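Understanding the architecture of this molecule
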Amino acid sequence: MPIDFLPILILLILSALMSGGMVFLSHLFGRKEPNPSKLSPYECGIPPVGDARLRFSVKFFVVAMLFIIFDFEGVTIYPWAVIFRKLHLFGLVEMGVFLGVLLIGLVYIWRKGALQWD
Amino acid sequence: MELTLFVIFGAVAVASAFMVIVSRNPVVSALFLILTFFCLAGLYVLLNAQFIAALQIIVYAGAIMVLFVFVVMLLRTGKEARRGYRLIFQKSIGIIFVVLFLLLLGSITLMVSVTGMRGPYTAEAVRHIGNTQAFASVLFTDYLYPFEIISVLLLAGIIGAVVLAKRKR
């Protein structure tokens, strides 16, 4: 029922109002006296070193890609579990094949060392 | 109530999708894309498709946006990327296609009904059996073959990511 999602909608509206309100009020009432050291990025008190926009390592991409794939795998198990009793053995075999193919992938990335950082 | 929410979600989705294209900073584009995904999830909830709405947020706003943000960070996002390009050729072609697309869309809306054929899973039927149950019973019986093909597709994705990014030095 869409009406069950009303609390989530209220939460979304409240959080948008709060975060937006804080930014707006500090923009409205805050004093604006910029100077170079005030505008520089905050790095725990020491003077900033270099640019923050350096290129990230491609290793992060591998992690994100594997995360998507196994996230999707987990998401498909959920509806399967909901009607598991109706599917009986057929459902078990079906999901076994699905997970088996992805298990090959997991073994592959494990053996290739893609889960290792270096 | 539902119509009001539909109009709000739809308007915010279209506006934020527009901002995705317009904003010069790729990270800002990514954030607006997350807003678009959330609005789409709201539209799915209004259609009684709660499971799809949850998937929209978990998979799209969660996993795929993480990938997008990483790709943005992999690229050089300094001043040269934000300077903007003069795409006169691409823009003129794009305008022609937009006009053609709008003409097509207008003619379809005027001549035939916008809504497609009605299947057995109307909003009322889905409400009766439950959204996740309806989704699952179709996915794991009628669409068994495509479902198993997905696993092969995901395997190809795994191998592709590892082969591309994990070169031996």
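Everything here concerns the structure above.
The shown structure was predicted, so the numbers you read here are calculated from the model rather than taken from an experiment.

Quick look at the interface of chain B and chain A
Each side of the interface is counted separately: chain B has 48 residues, and chain A has 48 residues. Summing both partners gives a buried area of about 4400 Å² for chain B against chain A, and 81% of it is carried by carbon and sulfur. A per-residue breakdown of the area chain B buries against chain A is headed by L74, F140 and I158 of chain B, which together make up 15% of the total. There are 0 salt bridges connecting chain B and chain A. Remark: the boundary between chain B and chain A carries 1 residue pair in polar contact (both at pLDDT 80 or more). The greatest single-element share of the side of chain B that touches chain A, amounting to 15 residues, is contributed by helix α8 (residues 144–165) of chain B.

Points about unusual backbone geometry
The phi torsion at H88 of chain A lies on the positive side, around 55°, for a residue other than glycine. Secondary-structure assignment places H88 of chain A in helix α4 (residues 84–112). Phi is positive for N48 of chain B, which is not a glycine, with a value near 70°. Looking at the element boundaries, N48 of chain B is found in the loop between α2 (26–46) and α3 (50–74).

A closer look at a nonpolar patch on the surface
Together, F89, I93, I95, I96, F97, V99, L100 and L103 of chain B line one region of the surface with nonpolar side chains, adding up to about 840 Å² of accessible area. By secondary structure assignment, the location of I93 of chain B is in helix α5 (residues 88–111).

Section: the packing of aromatic side chains
Counted by the stated rule, this structure contains 7 aromatic pairs over all chains. A centroid spacing of 5.0 Å and a plane angle of 50° characterise the contact between F51 of chain B and F135 of chain B, whose relative ring orientation is tilted. Here the residue F51 of chain B occupies a position in helix α3, and F135 of chain B occupies one in helix α7 (residues 131–142), the gap between them amounting to 84 residues. You can call F51 of chain B buried: its relative accessible area is 8%. Residue F135 of chain B is classed as partly exposed on the basis of its relative accessible area of 27%. Put simply, the rings of Y78 of chain A together with F51 and F135 of chain B touch in pairs and so form one group of aromatic residues.

The rules behind the values
Residues numbered from 1 in each chain as written. Chains lettered and ligands numbered in written order. Predicted model: local features only at pLDDT ≥ 70, side-chain atom pairs only at ≥ 80, totals over all residues. Heavy atoms only, no water. Contact = heavy atoms within 4.5 Å. Buried area = accessible area lost by both parts, 1.4 Å probe. Salt bridge = Lys/Arg side-chain N within 4 Å of Asp/Glu carboxyl O. Polar contact = N/O pair within 3.5 Å; in protein donor to acceptor, adjacent residues only side chain to side chain. Helix = DSSP H or I, 4+ residues; strand = E, 2+ residues; numbered from the N terminus. Patch = residues over 30% accessible without salt bridge, like charges linked within 9 Å, V, L, I, M, F, W, Y side chains within 5 Å. Areas by Shrake-Rupley, 256 points an atom, 1.4 Å probe, with all protein chains shown as cover. Phe/Tyr/Trp six-rings, centres within 6.5 Å; stacked < 30°, edge-to-face > 60°. Buried < 20%, exposed > 50% of the residue type's maximum accessible area, 1.4 Å probe, protein only.

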